[in-house]
Every structure is written in C-alpha cells, then in structure tokens.
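Breakdown of the fold
As a plain string of letters, each chain reads:
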Amino acid sequence: MCFLRRVASTLPVAVLLIAAPAVGQDAAPSQDLARSTNPAPSGAPQPPSTMSRDAEGHTTIRAVRLTEPLRLDGAVDEAVYRANQPFSDYIQMEPRGGEVATEKTEGWILFDANNVYVTIRAFESQPDRMIVNEMRRDSNNIRQGDSIGFSFDTFLDRRNAVQFEANVLGGRTDGQSTNERQYNGDWNPVWRLATGRFEGGWSIEAAIPFKSLRYRPGRTQTWGFQSRRVSKWKNEISYVAKVPPAMGMGRADFSASLYATVTGIEAPEGGRTIEVKPYVIGSTLTDRQARPMRLNEFNRNAGLDAKYSTQNLTADLTVNTDFAQVEVDEQQVNLTRFNLFFPEKREFFLENLGAFTFGGVFGRASAASNNAGSTTASTGGLGGDSGDAPIMFYSRRIGLGPNGVEPILGGGRLSGRIGRTSFGVVNIQTRDSGVPNAANFARATNFSVARLRQDILRRSSLGAIFTGRTVATRGVGQNQLFGVDGTFAFYDNLSLNAYWAKTQTDDLRGDDVSHRLFFDYSGDRYGLQLENLRIGDNFNPEVGFLRRDNIVKRFAQARFSPRPKRNTVVRKYAGVGQFMHVEDGAGRLVTRISDGEFGIDFQNSDRFYVGLNRDYEYLVQRFSIARGVNIPIGGYEFTTGRMGYNFGQQRALSAVIQLERGSFYDGDRTTITGTRGRVNLTSRFSAEPTVSLNWVDLPFGQFLTTVAATRATYTIRPLMFVSALLQYNSNTAAVSGNVRLRWEYRPGSELFVVYNEERDTLTPSFPGVRNRTVVLKINRLFRP
C-alpha cells in the first residue's frame, strides 16, 4: 500500500499520456477481433491480373491504388477486391518442394496516400483441423500453427527486409531481417491488423503506414515481396515466390534475393516523420544483499525518446533513457568455464540492430531464430559453429555493468541507407553510479559505435566497424576496437564470411588481433561448414561479447540429409558429423570435439535423434563447477551419448525431451532436459514448462544441478496479456518470479505493470527474500 500511495503521484501524468489525442493518428481503433465473412462472388467477367510469372519462375505483383477508403475489418468484401485479380498459386517448400500448394491462398497489395495494405485470403479444405493456439503479440508460437507471413524488401537491395506475421486469432509478430540471415524480432513498428473467417477459410487485412517503413527516395517505388502460408495440420509450408526446400522456414522468410517484385507503389515523396515518445516510471526496490541493505526504496523517473526520419534515414535522440528491463532473463545452467550470452531486450537498441552485425557473427538468440520452424538440416545436439567468434558490438555492455545498472544520461543514433551504402552511428553517455572508491563504483563513460557497410556484386558486402569507451571496465584507461569484414554470397546456399579486428586497451600490448574465415554450404541434401578462427590473448572488445580468448580454432561439419520418396511417415533423414580442434596461442591443445548425430524428421513435425560426443578439455586454471566442487588444472577426456525426441507443436502438449549419459571430468554425468515445452489449455491460456537436471559424480565431489521454469500466459486480447515466469536454479540457490502485464493501449504506446521477486532457498525456514521490485511504467507515442 505504501508503494501504491507513492506511485499515485505518477498517475496523473500516466493518465494524460493514455488519454491525450495523437496528432495525425487514425481516429478509428484498430480491429483485432475476428469477423465472419464470405469470399467475393464469382461469375463476373475476369478483372485485370495483378500477378505474372516468367519462364524462369520470377514473380511480379502489381500493387493497386485505392480510390476510396478501405474498411479494415477482415471481411475482404470491398469492390477493389472484385475489380482486381489476386496473386495466388503458392508453391510448396515443404513437403513437396516446387509443387503447387494443396490449399488455395490468394492476396492483394493495395496502397493509398498513407498506408500500404496486404490482404490475404486462406482457403481451408478442413477448417475444423486448423491448429491455432496463440493470440499474444510477438509470440514465436504463432508460426508453429496455421499462419500467414509477408515481407517487404523496401530498398530492393535483395538483402534486407521487414517481416510481418499473423493468425486468425489476431496474434501477430513483426521484425527486421539483415543480410538474409539475422532476425531482430523485437522491432515493433506501428501497424494495424484485422482478421476474419468465412465458410471454408480465413483472412487477414493489414495496414502498414509509410511512416513505419524506410525506403528509397522518390515517389515511384519498386519493392521486393514474399508471402508465406503455414498449414500446420498438414505440416505444409508454401510461398508465393518459389523457395528451395534447403532454406527451411526461417531462412526462406529472410531470403530477399528470392522475393517477388512489386511494382506500382507510389509512396509519399520526401516525407519526413517526427516521433516523440515520453515515459514515466515508478518503482519500489528491496535488496537484502546490497551493502548497505535497501528496503522499500522508492524511485520515479521520466524521460523521452525522439525520432526524426526521412524515407531512408533515421535519427534517434534519447534523454534520461529508460533502460528498465520489464522482462527478466531466463535462467541458464552453465557447466562450462565460459561466459553466458543473454539477448538484448531494451527498446532503444532494438531498431536497426542488424545494421551493426559484423563478420557474419550475431547474437545467439538471433541465430536461433534463423531456424525457427525449420524442418531441414535441423539437429538436436548440433548447432554448427560453436559460437566462439566474438561479437564486436554487444549493446548490453552499455548501461548494464558487472555491478548492475549504470544510469544513462542520454545519447543519440543515426542509421540508414544511401544507395548501396548502409551505416549506423551510436553515442551514449552514462553517469557515475555507486559509491566513490567502493567496489560497485562505475565512472561516467562515453560509448561510441560506428558501422559502415558497402554492398558489392549481387548479394555481397564489405564493411568496417569502430567501437570505443572512454573508461575501460577496470575503471582506468580507454578501450577501442577497429575491424574490417566481408560477406560473400553465391547462388542460393553458398556463403563466405571473413573479418579482421584489433583492439587497443591501456596496459595491454601485443597479441590483440582476431580474425575469422567461415565457409557455409547449406543445400537440402548436403551441407558443409568450415571455420578458421584466431583470437589473441589480449584481444579485448569491451563494447562487445567475448566467450573465450587466446585460441586458434578449426571447425568442420558435414551433413547428409536425404528425403525418402513416397513415405507417409518419414519426411527426411539427417546424418551430421562435426570436428573441432582448439589450441591456445602457444600451440597447446585445449579443446577437441568429435560429434556425430543421426536424426529422423517425421511428416507430422515430430523428430527423433541420437548422437555421440567425444570431448577433450585442458583446464589452464582451476575451475569451480559447483558450490564446493573444484576441478584441478589438467587435461580431461569424456564421452557422452544422447537421445532425444521433439514432440511437435501440432500437439496440445509439446516439448523436446533429451537424455544424456557419459563420462565427465574423470567422473560421470547424467542429464535430462525438457525444453520448448508448451501446454495449450485454450487459445488464450498456455503454460511453457522447462527443466534441466544434471546428476554429476566426480572424484572431487558429487552434486545435482536443477533449473526448472514455467511461464504461464493469459492473453486478454492480442495487444494485452499477463504472463508469470517462475524459475528455480539450484546453482544460485534461488527461486524467482516475474509477473508482467503488457497492454498496448494504442499503436506504439504501452503500459507495463511488473512484479519481480527472488528468494534464497538455503534459509532455514521458508525461502527468504533476496530482492523484490514493483514497477509501473507507461509510454506514449506522438506521431504527427
């Protein structure tokens, strides 16, 4: 009650932010509930076509200008639909690549002075078998059911695109793809969606404001376009522009070089957009581990972000930046001696995050997204490149230090594209934090990042990057990084990435260079990856992420994945073998891994796999693997077998269950994991349990590590949901909970109410509170 009385002082401002009219905002609210409708009548003379395919299969779609307002209700009953033939004849990627889709899909691209519209009508031969179980915005589970996706390559560079996705319940996702690989699913543009049902199918109508997009200067536009349909009950994936099965659904969505061409769009010429997004936040904090202890400490703050954009450039300014994380990090079990990677979740860094990708290396979370929903070349325990390559710009280094939050004073960013050149520049200033001369003190620091990339050839690029901080992490001196890179793509499935980078850190001299060459061929039947990586002992990217240093790594992976003919049970077999050899700078072997796996992809989207791993690790220093258990310096060999089964998300209960057993640091280890679990109770309510159990018996001690978590989500409507995440981690002896309400009360404007709590399971009685936070946050987008 004390917190509620205090935070009441912020409520008048919050009410003003919610209630204030948006300058230039559409008066009609967005329609997110499904409507019942019927397809347009047939029998009339054939209207003009909007689609053509040439002899080589290249697809061209004509956009249609609206002559009267479009009622966004999902009904697909306006005259414009009857006056223009839709694009149709989607082509299967899975299971029979190249054949016409078994379910009919048709669509239109429309535009007026303010918006571009995408309307898709999906016919269903058996509507009662549709799998649709997710309504929440930005849920990865949307594409695991019956859904429609569409993408625009607005610069027609055949490399980058914006992605949109929806299902019949009004669930939606959006994101940006870069260089046909990296995906940033946390980009949330303003757009409207309406869905509808008719006898024998369902439909979507989407309106994307030109203000939410960036595109080449000029009024007349030619864009790339792709549309994808998932018929989950058939496990069928089809596209309007043909995509080879080797891509998998993730890469296929991002492969802008394969998109259809859209002509006829007329965009606002020389349009300039100003956006202002203020926020207010009130919170109370209890931290019993802090010294001095903090009890019911109340804080309130306010600030704003501003954005000025032209057709192809965007300038961002932030003042008193809000970097409060309203979504907590997932717990992870770490039985290695290397750092864990956590993805960026803060809004300021998310837009155009892919512009700062360097050397073909990007965040582990984004990399996983590339294969979301893919049924090709997937493996249960193998992931190709092990992730040792450093990330040169890791935005969590700014504002989040080793001792917690380092407050942001302000900063700015400029990003965009001019011709075939793309660039991004960031400058952020932090304030002093902590108590001077204390262990938790962090000096005010200026962070700078500059990235330049020049497109060459058809799908290749050359680039350079600079990062710097005026105060190194040790509190003295400076840190800088310089690097050059090249990305070369040939045909549909062959790519080559290379970089060279050097750091400069006071008191660190010599052996401060890293370079990498990575080859990737990812065909449907065959695959091959080769890597050579060098990281110097003093290579120190302090605005980046470094998992390990002082290594010379050689890596190879080969895959054979044939498809049986006319098999109604099995879709694909996959045999994968990989070898990794890592030495330190002195030539001493520190890691050697040989791994093989055989997997079976079933027609119903289930998967079974079995694998064997032989590993050698040399510890150069004592390794504390658990409380009171230390592994001495020396070399260790161990062999581990694994077996797992992926119960596909077409089921009411889905998960990946894996068992591992083998030797481990002169002892043995047994691991049981259950990941990507989901229980679909209703279309509004779901639970996502995960568990990891490790029984470890070593000459140096025995221990059990347990990480268990359950996320329960209740979706009130597509733009409003409540989620609760409960986690237990035996390594940290902690049980934690996060309850979060997110409400997008109008496009681009959100209200968050968050409760976080962590308790210590080692206290004698009921787990005692370590820390507790209650947060009320609201922002409001003003866009003339």
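Report on the accompanying structure. Note that the coordinates shown come from a computational prediction; the quantities given were computed from them, not determined experimentally.

Moving on: the overall build of the protein. Looking only at helices and strands, the protein has six helices and 44 strands in total. Burial statistics for the protein: of 784 residues in total, 54% are counted as buried. For the protein, contacts bridging at least 24 residues in sequence account for 61% of all contacts bridging at least 6.

Moving on, we get to the side chain of Ser 460. Counting through the fold element by element, Ser 460 comes out in strand E25 (residues 460-469). The residues touching Ser 460, leaving out its near neighbours within four places in the chain, are Arg 159, Gln 454, Asp 455, Thr 487, Phe 488 and Ala 489.

Let's shift gears to the packing of aromatic side chains. Throughout the structure, instances matching the rule amount to 27 aromatic pairs. Arranged with centres 5.2 Å apart and planes meeting at 20°, the rings of Phe 150 and Phe 164 form a pair that is stacked. Taken as a pair, Phe 150 in strand E8 (residues 147-153) and Phe 164 in strand E9 (residues 161-166) lie far apart in primary sequence, 14 residues in all. When sorted by exposure, Phe 150 lands in the same class as Phe 164, which is buried. Between Tyr 394 and Phe 545, the aromatic rings sit 5.4 Å apart at their centres with planes inclined by 75°, giving edge-to-face as the arrangement. Residue Tyr 394 is located in the loop between helix H6 (364-369) and strand E20 (400-401), and its partner Phe 545 is located in the loop between strand E29 (526-535) and strand E30 (551-560); the two are separated by 151 residues in the primary sequence. Taking relative accessible area as the criterion, Tyr 394 reaches 8% and is therefore assigned buried.

What follows covers the pairing of strand E19 (residues 313-319). Here E19 shows a clear split, with Thr 314, Asp 316 and Thr 318 buried on one side and none of Leu 313, Ala 315, Leu 317 and Val 319 buried on the other. Pairing between strand E18 (residues 294-309) and E19: six bridges, direction antiparallel. Each residue of the ladder has a partner; that of Ser 309, found in E19, is Thr 314. From the end of E18 to the start of E19, which pair antiparallel, there are three residues.

Scanning the model with the defined rule gives 50 salt bridges in all. We note a salt bridge from Arg 413 to Asp 316, for which the minimum N-O separation is 3.6 Å. Pair noted here: Arg 413 is in strand E22 (residues 408-418) and Asp 316 is in strand E19, with a separation of 97 residues, a long-range link. Accessibility assignment for this pair places Arg 413 and Asp 316 in one class, buried.

Turning next to a nonpolar patch on the surface. Nonpolar side chains collect at one region of the surface, where Leu 681, Phe 685, Tyr 714, Ile 716, Val 722, Val 739 and Tyr 755 lie side by side and expose about 550 Å² of accessible area between them. With respect to the helices and strands, Tyr 755 occurs in strand E43 (residues 749-760). Classification of Tyr 755 by relative accessible area gives partly exposed; the value is 32%.

The rules we used
- Residues numbered from 1 in each chain as written.
- Predicted model: local features only at pLDDT ≥ 70, side-chain atom pairs only at ≥ 80, totals over all residues.
- Heavy atoms only, no water.
- Helix = DSSP H or I, 4+ residues; strand = E, 2+ residues; numbered from the N terminus.
- Buried < 20%, exposed > 50% of the residue type's maximum accessible area, 1.4 Å probe, protein only.
- Contact = heavy atoms within 4.5 Å.
- Phe/Tyr/Trp six-rings, centres within 6.5 Å; stacked < 30°, edge-to-face > 60°.
- Pairing = 2+ DSSP bridges.
- Salt bridge = Lys/Arg side-chain N within 4 Å of Asp/Glu carboxyl O.
- Patch = residues over 30% accessible without salt bridge, like charges linked within 9 Å, V, L, I, M, F, W, Y side chains within 5 Å.
- Areas by Shrake-Rupley, 256 points an atom, 1.4 Å probe, with all protein chains shown as cover.

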